Amino acid sequence: MQTQTKPKVINRLNRIEGQVRGITRMVEDDRYCVDVLTQLQAVRAALLRVESEVLKDHLDHCVMGAMTGDDPADRKAKATELIELLGRATR
């Protein structure tokens, strides 16, 4: 992961962790189900944003490095890895 991306991702994950702890307290306090569900949707959306940021970083750094490099086996490996990753994301 690129050095400028890592602190942003860690910060977002820490916020998400706090959100999840808040949801736990909501459940313990018998809060209204719709309120809990709303917070769960917010956490899912936040995780998707982190996932997108990490994927963008991977494409910009790891995949681009392999594609512009001199190692055809590395290019093929990164392309295969990316295809498998995107395949899992659509399941």
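In what follows, the accompanying structure is described. Everything numeric in this text was worked out from a predicted model, so none of it was measured.

### Let's talk about helix α3 (residues 72–89)
Consideration 1: Between its first and last C-alpha atoms α3 spans 26 Å; for 18 residues at 1.5 Å apiece the expected length is 26 Å, and the two agree.
Consideration 2: Among the residues of α3, the N-terminal cap falls to Asp 71, whose side-chain oxygen and the backbone nitrogen of Ala 73 are separated by 3.0 Å.

### Focus: the pattern of salt bridges
Consideration 1: Under the defined criterion, the tally for this structure stands at three salt bridges.
Consideration 2: Between Lys 8 and Glu 53 there is a salt bridge, with its nearest N and O atoms 3.7 Å apart. Here Glu 53 lies in helix α2 (residues 33–68) and Lys 8 lies in helix α1 (residues 5–28), a separation of 45 residues in the sequence.
Consideration 3: Note on Lys 8: relative accessible area 45%, which makes it partly exposed.
Consideration 4: Residue Lys 56 pairs with Asp 60 through a salt bridge whose shortest N-O separation is 2.9 Å. Of this pair, Lys 56 and Asp 60 both sit in helix α2, separated by four residues, roughly a single helical turn.
Consideration 5: Look at Lys 56 and you get partly exposed, because its relative accessible area is 48%.
Consideration 6: What makes Asp 60 partly exposed here is its relative accessible area of 43%.

What counts and what doesn't
Residues numbered from 1 in each chain as written. Predicted model: local features only at pLDDT ≥ 70, side-chain atom pairs only at ≥ 80, totals over all residues. Heavy atoms only, no water. Helix = DSSP H or I, 4+ residues; strand = E, 2+ residues; numbered from the N terminus. Expected span 1.5 Å × (residues − 1). Polar contact = N/O pair within 3.5 Å; in protein donor to acceptor, adjacent residues only side chain to side chain. Salt bridge = Lys/Arg side-chain N within 4 Å of Asp/Glu carboxyl O. Buried < 20%, exposed > 50% of the residue type's maximum accessible area, 1.4 Å probe, protein only.

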